[in-house]
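The lines below spell out each chain.
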Amino acid sequence: MMVCVAVLATGTLAACSSPEEVAGDVGVVQNTQVPPTPPEVAESGSAQDDLERRTAAGFNAVNFTDNENADGASRDFEYSWPAQVSAIPGLARQLQQRRTQALAEQKVAWRGTLEEFADSDCNSCKTDSYGKTWEVVADLPRFLSLSANHYVYAGGAHGNYWFDTLVWDRQANDGEGEALDPYALFTSTIALHDAVRAPYCEGLKAEQAKRRGSVEDGGYFTECPELDRLTLLLGSSTGKSFDRLGLLAAPYIAGPYVEGHYEVTVPVTQAVLDAVKPEYRASFSAK
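### What to know about the overall build of the protein chain
(1) Moving on: Helix and strand counts for the protein chain stand at six helices and 12 strands.
(2) Moving on: Carbon together with sulfur atoms contributes 50% to the accessible area of the protein chain, which is approximately 14,900 Å² in total.

Okay, structure coming up:
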């Protein structure tokens, strides 16, 4: 049986794939008839041991590219995720859907650019690059925490990048799983803000001072950004519970582009635990 996919956003992108091709596209190794089920996570052993058990069950990382060249113009598209994502069919399908949509949107935009600059010899004006790389932040018995670096270049002096994140809850929907925004595990953004604001701002100021030599008061990039402008990562030092939080500030949020992004890690404290929703509290621990 062939599986056919049509992307109506472009009106032109359509493809038919065999079940084997579809399986490979989401990272399943094709040396078995039925994708193996990831083993249960042992209660003992290191976080690295648990990670190796979950990635040795016949799944591959996915590194997808789709590039075009036309009359000196180029379009580059890259999208990847690790083997731990491929081991979760529902999550792999969701990221594949996101990838398909992003690719279709890029193609539409690039074709519009080619028409706009058809009579121009400015090749950089007709260059479009898109990259998204998902990585594992923490792999717990219940949750898989992920982060993504998202890069876009569409002409100009340089491209720009920012971050994405999600937490996959293996127990949600009667075991089918669900993708959550990390903030959804807390009673409110305000409650989490109050719990991490002081240590975050202190850590950010120290990192700014390292890069700049000093941090002077009064400038635009000396003010500590609000939590809703940051990307929240849920991390773990044990592989059993979330015990630290990563707060990412993309370029132009905590500093100019030349300084790059800022990442500050703060521990899970009792104040953070108090801000966690009761149904998720067992997966957190204070350091």
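### Overview of the pattern of salt bridges
Side chains carrying opposite charge are able to pair once their charged atoms draw close together.
(1) Moving on: In the structure shown here, the tally under the stated rule is 10 salt bridges.
(2) Moving on: With a shortest N-O distance of 4.0 Å, Lys107 and Asp66 are connected by a salt bridge. Residue Lys107 is located in helix 4 (residues 89-116), and its partner Asp66 is located in the loop between strand 3 (62-65) and strand 4 (68-70); the two are separated by 41 residues in the primary sequence.
(3) Moving on: Note that Glu68 is salt-bridged to Arg75, the shortest N-O span being 2.9 Å.
(4) Moving on: It is possible to trace a salt-bridge network through shared partners that takes in Asp66, Glu68, Arg75 and Lys107.

### A word on the state of the cysteines
(1) Moving on: Across all of its chains, the model carries one disulfide by this definition.
(2) Moving on: Between Cys201 and Cys224 runs a disulfide, and the two sulfur atoms are separated by 2.1 Å. Around the S-S axis, the bridge from Cys201 to Cys224 shows a dihedral of about -90° and counts as left-handed. Placement of Cys201 in helix 5 (residues 189-212) and of Cys224 in the loop between helix 5 and strand 10 (231-235) is noted, with a sequence separation of 23 residues between them.

### Quick look at the packing of aromatic side chains
(1) Moving on: In total, this model carries 11 aromatic pairs according to the counting rule given.
(2) Moving on: A centroid spacing of 6.4 Å and a plane angle of 15° characterise the contact between Phe77 and Tyr79, whose relative ring orientation is stacked. By the burial criterion, Phe77 is buried, and Tyr79 matches it.
(3) Moving on: Through pairs of rings, three or more aromatic residues link up here, namely Phe64, Phe77, Tyr79, Trp81 and Tyr130.
(4) Moving on: Sitting over the ring of Phe64, Arg99 keeps its end group 4.1 Å from the ring centre.
(5) Moving on: In this structure, Arg211 packs its charged tip against the face of Tyr262, placed 3.8 Å from the ring centre.

### What about the environment of Asn60?
(1) Moving on: With respect to the element layout, Asn60 can be found in the loop between helix 2 (47-55) and strand 3.
(2) Moving on: On the basis of relative accessible area, Asn60 is assigned to the partly exposed category, the value being 39%.
(3) Moving on: A sequence separation of 22 residues divides Asn60 from Pro82, and the C-alpha atoms of the two residues are 7.2 Å apart.

### Notes on empty space enclosed by the protein
(1) Moving on: Under the criterion given, the structure shown has one cavity of 30 Å³ or more.
(2) Moving on: Along the walls of the largest cavity sit His193, Val196, Arg197, Tyr200, Pro225, Glu226, Leu227 and Leu230, which together make up its complete lining.
(3) Moving on: For the lining of the largest cavity, a count of residues per class yields five nonpolar, one polar and two charged.

### Quick notes on helix 5
Given 3.6 residues per helical turn, the α-helix brings residues three or four places apart onto the same face.
(1) Moving on: For helix 5, built from 24 residues, the straight-helix expectation of 34 Å at 1.5 Å per residue is missed by more than 12%, its first-to-last C-alpha distance being only 30 Å.
(2) Moving on: Along helix 5, the sharpest change in direction is near 50° and occurs at Val196; proline Pro199 comes one to four residues later.
(3) Moving on: By the burial criterion, the buried members of helix 5 are Leu192, His193, Ala195, Val196, Tyr200, Cys201, Leu204 and Gln208.
(4) Moving on: Tucked inside the fold, the buried residues of helix 5 contact strand 10, strand 11 (244-249), strand 12 (262-267) and helix 6 (270-275).

What counts and how
- Residues numbered from 1 in each chain as written.
- Predicted model: local features only at pLDDT ≥ 70, side-chain atom pairs only at ≥ 80, totals over all residues.
- Heavy atoms only, no water.
- Helix = DSSP H or I, 4+ residues; strand = E, 2+ residues; numbered from the N terminus.
- Areas by Shrake-Rupley, 256 points an atom, 1.4 Å probe, with all protein chains shown as cover.
- Salt bridge = Lys/Arg side-chain N within 4 Å of Asp/Glu carboxyl O.
- Disulfide = S-S within 2.5 Å.
- Phe/Tyr/Trp six-rings, centres within 6.5 Å; stacked < 30°, edge-to-face > 60°.
- Buried < 20%, exposed > 50% of the residue type's maximum accessible area, 1.4 Å probe, protein only.
- Lys NZ or Arg CZ within 6 Å of the ring centre and 35° of its normal.
- 1 Å grid on protein atoms, 1.4 Å probe; cavity = no way out; pocket = protein on both sides within 12 Å on 5 of 7 lines; lining within 4 Å.
- Points joined across faces, edges and corners; volume = space filled by probe spheres on them.
- Nonpolar A, V, L, I, M, F, W, Y, C, P; charged D, E, K, R; others polar.
- Expected span 1.5 Å × (residues − 1).
- Bend = angle between axes of the 7 residues up to and from the residue.
- Contact = heavy atoms within 4.5 Å.

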